[in-house]
Amino acid sequence: MTPPATPTLVDRGRPDLPTNRDEDWRYAPLKAIVAAIDATTGPMRGEAHTPATDELAALLEDLPAGYRVVLVDGRYAPELSAMADGAANGPAVDVVDTAAEDDPTPRDAFELWNRTSNRHTVRVRVGDPGDGDPSRLVHLVHLTTASDGPSHPRVEIEVPADRRATVVETFRSLPDAAFTNATTTLHVGTDAGIDHLVVLQGDSYVVRTVVIAEDRSRATAGAVAIGHASGHHRLDVELAGPGAEVSLTGLTVAGHSTHHDTLAAVDHLTSHGTSRQLFASIVADGARASFTGQVVVAHGTVGTDADQQNRNLLLGPGARADTRPWLEIHSDEVACTHGATVGRLDDDAVFYLRSRGIADRTARTMLMRAFATTVVDQLASNEAIRTWLEAAVDEVLDEIVVEAASTEGRR
Amino acid sequence: MTDTTTETDTTAQLDDLVGGEYRYGFVTDIDSEIVPVGLDESVVRLIASKNGEPDWLVEWRLGALRHFLTLEAPTWPYLRIDPIDYQAISYWAAPKAKGPAPESLDDIDPKLREMFDKLGISVAEQERLSGVAVDAIVDSVSVATTFRERLAESGVIFCPFSEAVREHPDLVRKYLGSVVGPRDNFYAALNSAVFSDGSFCFVPAGVRCPMELSTYFRINSAGTGQFERTLIIAEEGASVSYLEGCSAPRRDENQLHAAVVELIALDDSSIKYSTVQNWYPGDENGKGGIYNFVTKRGRAGNRARISWTQVETGSAITWKYPSVILQGDDAVGEFSSVALTTNHQQADTGTKMVHIGRNTTSSIVSKGISAGHAQNTYRGQVKVMRSAVGARNHTRCDSLLLGPDCGAHTFPYIEVGTDGAQVEHEASTSRIGEDQLFYCRQRGLDEEDATAMIVNGFCRDVFDDLPMEFAVEANALLRVSLEGAVG
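Residues numbered from 1 in each chain as written. Chains lettered and ligands numbered in written order. Predicted model: local features only at pLDDT ≥ 70, side-chain atom pairs only at ≥ 80, totals over all residues. Heavy atoms only, no water.

### Describing the overall build of chain B
Point 1. Each helix and strand in chain B was counted, giving 12 helices and 24 strands.
Point 2. Looking at chain B as a whole, 62% of its 487 residues qualify as buried.
Point 3. Accessible area of chain B: about 18300 Å², with a carbon and sulfur share of 49%. (Helix = DSSP H or I, 4+ residues; strand = E, 2+ residues; numbered from the N terminus. Buried < 20%, exposed > 50% of the residue type's maximum accessible area, 1.4 Å probe, protein only. Areas by Shrake-Rupley, 256 points an atom, 1.4 Å probe, with all protein chains shown as cover.)

### Overview of the overall build of chain A
Point 1. A tally of helices and strands in chain A yields 6 helices and 19 strands.
Point 2. A buried classification covers 56% of the 411 residues belonging to chain A.
Point 3. For chain A, restricting intrachain contacts to residue pairs at least 6 apart in sequence, the fraction spanning at least 24 positions comes to 83%. (Contact = heavy atoms within 4.5 Å.)

### Brief notes about the side chain of Glu415 of chain B
Point 1. Following the sequence through the fold, Glu415 of chain B ends up in strand β23 (residues 407–416).
Point 2. At 2.5 Å, the side chain of Glu415 of chain B and the side chain of Tyr27 of chain A are in polar contact.
Point 3. Here the side chain of Glu415 of chain B touches Gln381 of chain B through a polar contact of 3.3 Å, side chain to side chain.
Point 4. Here Glu415 of chain B is in contact with Arg26, Tyr27, Ala321 and Asp322 of chain A together with Gln381, Val382, Lys383 and Val384 of chain B, once residues within four sequence places are set aside. (Polar contact = N/O pair within 3.5 Å; in protein donor to acceptor, adjacent residues only side chain to side chain.)

### What to know about the interface of chain B and chain A
Point 1. Residue-level contacts link 35 residues of chain B with 35 residues of chain A.
Point 2. For the pair chain B and chain A, the summed buried surface comes to about 2800 Å²; carbon and sulfur atoms form 47% of the total.
Point 3. Interface area lost by chain B to chain A is led by Tyr413, Asp419 and Arg431 of chain B, which between them contribute 21%.
Point 4. Here chain B and chain A share 3 salt bridges between them.
Point 5. Salt-bridge contacts for Glu415 of chain B lead to Arg26 of chain A; the nearest nitrogen and oxygen are separated by 3.6 Å.
Point 6. Counting every contact that joins chain B to chain A gives 20 residue pairs in polar contact (both at pLDDT 80 or more).
Point 7. Where the side of chain B that touches chain A is concerned, the elements lending two or more residues are β21 (375–384), β23 and β24 (422–431) of chain B.
Point 8. Counted by class, the side of chain B that touches chain A contains 14 nonpolar, 14 polar and 7 charged residues.
Point 9. Strand direction decides the pairing type here: strand β18 (residues 320–329) of chain A and β23 of chain B, joined by 6 bridges, are antiparallel. Across the sheet, residue Ala321 of chain A finds its bridge partner in β23 of chain B, namely Val416 of chain B. (Buried area = accessible area lost by both parts, 1.4 Å probe. Salt bridge = Lys/Arg side-chain N within 4 Å of Asp/Glu carboxyl O. Nonpolar A, V, L, I, M, F, W, Y, C, P; charged D, E, K, R; others polar. Pairing = 2+ DSSP bridges.)

### Considerations on the packing of aromatic side chains
Point 1. Applying the stated criterion across every chain, the model contains 25 aromatic pairs over all chains.
Point 2. When the ring of Phe158 of chain B is compared with that of Tyr242 of chain B, the centres are 6.3 Å apart and the planes differ by 90 degrees; the resulting orientation is edge-to-face. With a gap of 84 residues between them, Phe158 of chain B in strand β5 (residues 157–160) and Tyr242 of chain B in strand β9 (residues 239–247) connect regions that are remote in the sequence. Here Phe158 of chain B and Tyr242 of chain B have matching classes, each one buried.
Point 3. In textbook terms, an aromatic cluster arises when at least three aromatic residues are bridged by ring pairs, as seen for Phe68, Trp76, Tyr86, Phe186, Tyr187, Tyr291, Phe293, Trp319 and Tyr321 of chain B.
Point 4. Positioned above the aromatic ring of Tyr352 of chain A, the side-chain terminus of Arg356 of chain A is 3.8 Å from the ring centre. (Phe/Tyr/Trp six-rings, centres within 6.5 Å; stacked < 30°, edge-to-face > 60°. Lys NZ or Arg CZ within 6 Å of the ring centre and 35° of its normal.)

### A look at helix α2 (residues 41–50) of chain B
All names here are of chain B.
Point 1. Buried residues of α2: Val43, Val44, Ile47 and Ala48, and no others. Mapping the buried residues of α2 onto a view down its axis gives an arc of 135 degrees, with all of them on the same face.
Point 2. On its buried side, α2 packs onto α3 (55–69) and α9 (186–194).
Point 3. Directly beyond the C-terminal end of α2, a positive phi value near 60 degrees is found at Gly52. (Arc of directions from axis to C-beta.)

### With respect to the packing of helix α10 (residues 434–442) of chain B against helix α11 (residues 447–463) of chain B
Residues and elements named next belong to chain B.
Point 1. At a closest axis distance of 9 Å, the pairing of α10 and α11 adopts a crossing angle of 125 degrees. As far as their axial angle goes, α11 and α10 are oblique. In this structure, α10 meets α11 at a crossing whose hand is right-handed. Across the interface between the two elements, Gln436, Leu437, Cys440 and Arg441 from α10 touch Glu447, Ala450, Thr451, Met453 and Ile454 from α11.
Point 2. A per-class count over the contact of α10 with α11 returns 5 nonpolar, 2 polar and 2 charged. (Axes fitted to C-alpha atoms, helices over the stretch in contact; angles between N-to-C directions. Parallel < 35°, antiparallel > 145°, perpendicular 65-115°, else oblique. Left-handed = near helix turned anticlockwise from the far one by under 90°.)

### Observations concerning the pattern of salt bridges
Point 1. Using the criterion set out here, one finds 44 salt bridges over all chains in the structure.
Point 2. A cluster of three or more residues bridged by salt bridges with shared partners is formed by Asp24, Arg107, Glu111, Arg115, Arg234 and Asp236 of chain A.

### Things to note about the confidence of the model for chain B
The predicted structure's coordinates, where accompanied by low pLDDT, should not be read in detail.
All names here are of chain B.
Point 1. Residues at a pLDDT of 70 or more form 80% of chain B, whose mean pLDDT is 82.
Point 2. Below a pLDDT of 50 lies the segment residues 1–20, which in the model reaches 16 contacts outside its immediate sequence neighbourhood of four places, other chains included.
Point 3. Here residues 97–104 is modelled with pLDDT under 50, and outside its nearest four sequence neighbours on either side it reaches 4 contacts, counting other chains as well.
Point 4. Here the complex is predicted with pTM 0.86, and the ipTM for its interfaces comes to 0.87. (pLDDT = per-residue confidence, 0-100.)

### Some words on the pairing of strand β8 (residues 179–188) of chain A
All names here are of chain A.
Point 1. Judged by how many residues are buried, β8 sits mostly within the fold: 9 of 10 residues are covered.
Point 2. Here strand β6 (residues 154–159) runs beside β8; their pairing, made up of 6 bridges, is parallel. From the neighbouring strand, Val159 faces β8, where its bridge partner is Val188.
Point 3. With 10 bridges connecting them, β8 and strand β10 (residues 204–213) associate as parallel partners. Directly across from Ala182, in β10, lies its bridge partner Val207.

Below, the structure written as structure tokens:
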């Protein structure tokens, strides 16, 4: 698999990149994203470094057990993957040249860039007919190295009718500056079910997750943004068949002056669909989190039930949160609600803990954890994932607390 | 609707009502003076000279015009607007004066008075009975202002804008454009260039305005737009309540109304601004109607309070976001709105609350009702700056859908730049519950009555904020507008 020679948008002076004047990108950290792209492609880029397999394998050590599909810079890496050799219900991976396929019009310049830069799609067929045996967890790992400019992985995950699957998709990168521009599409067949979780731990990113839910299917899509670099994650959910049930849960922990932007677009195209959204963010001093939720209920549908919640916890005078919980309703037989809150840790709760002899810093950490845990519990479909995820979230929260303490010390 | 007992009677009556729903659609045959269509510097100069304006204001207008000509109409609203030819509109129209300018109400053209009688706001009547001071504006010119002497006794200035420019140039120059600048946005720039008249109100320090002030706007002439400018200033510790009503004749063409309202609430003052907007909404096929593109904004000083209350039932298209800049510490901003759209009406309306001062609070209550093929959008921004430590906002935003072909949309923007703020937003969208309707019908109400009652309850929070006489009018207006929209 060689990278295509198609000129990238960057080569053409990035004529079409969205700006903050585009409603979908209003809060996106475009400056940071462009800087990351420049760092991986521009003249400032450091010495190209092709990492050894061991180096990459080290990045995978802490992942929970299960099948493993690894992509390095958008290309399938069988040598790092752990596959089900001959197992009846294990995942099947297929790398297809999709350059000639008739794709729908790209949503934005980044998706177009992804297509023009990578002609191959990694197709993964998952699912077993049972209740989704936790040991059959499929872990899809995207590793971005800075060796080859921005990485453009494109993945399609298919859950055939009546099957169940659990898929965790993790984005990680080597310490050098790297930019990932990924698209993952989930096809959830009739009466099928999937638990999907995106964990963004890498460098700067633009990631799209597309979920197409067929008749009576059930999909939970999670998103965790805890990386040390800014980016934009877009979830596009289509309730394509009647009776589909979708639940979206997101947790963002923005530390280190990062800015994580999430957009969740849920299209109720058919009747009797249910969608639930809960997005929460914890924002350190000097960092920013933004959320845009778009629920659209199509004309002519009936029996839609949609709920959308966004909670933001700000941890310092320089923390910022933006939220746009949007509803666009074209049918009267609906029950749609949304809510959004922005605030800091409850002073009363902190006082309560302190009055019982708990140090201020510990009290605040406890309350932050409690805030995060309610979301993590919803995100993790099994014990192994929860333990792993809690550890990853705790690590970032600890860093924020330590950083806050050191600034306070300096004041 | 009355206590009619049989279904047929109700239907017949309803048909009548649907046929003549817009009660204010008559045209009064008054001689009026209209400038030729088109928009250029000569038109702006002509408008300025009609009002006898000083040079600085002429220059101010010309600056706005030059800026306007470089702008493009905004495309972000959730509205379908046919392209507007700004060169095909006459920018100034006035009822032609018969002899010298009217000295008092008795001197104004009897036909004009007749028109106001038809509108049910009879200027003379209102003066006598309700003790509300009224400034009535037809097309571009203010035709009558009542109760001026009594207001003057307490130091309150309430007069047509053109007169304020002549009599109180210092005040006008100091505050005009200080909240909505001439380059603020597309429609505000247009208004700044061609505004004709409007109301001016000044309440000096420490004065509580002795009566409610009111302006009645009416577009009468064909082929014109209305561009009025309202400026209300409450000095330190002053308070005033201001009411605004609007109507227009039925016409097949679309007419443009682009107004600017600026409120300046200095420290410890309070301004309450209430609107019942009932411009002609177009017929049931969406033909004709007023395009209502209005910029309304207030600036609140320390401990000042600005309240916007609006009932929007008219206009083919509404684009309007009454806003408050909470600049001073402890300032309060309030926005309560009922927006009703039926047939092919479109509304993109909401508010902006910008928190700058410490401990500023704002509350937003928005009730949208959509019926027929209408599209009703709430778009609101709550922005908390880093300086606004202790800021609080609560937003409640509900939409009601009547019928399968209408749309109700909620587009909030919440931007918080400090951890010292607390912001909450909640919203819901649904139709009238079967159980609610069933409950009412079981107790002998027909479906129309039941719907009207439920909708009324849905809007209660906002109606409670309206001054008494407006609350009654708003209620009636809602009922009339809803007729034929149900079932």
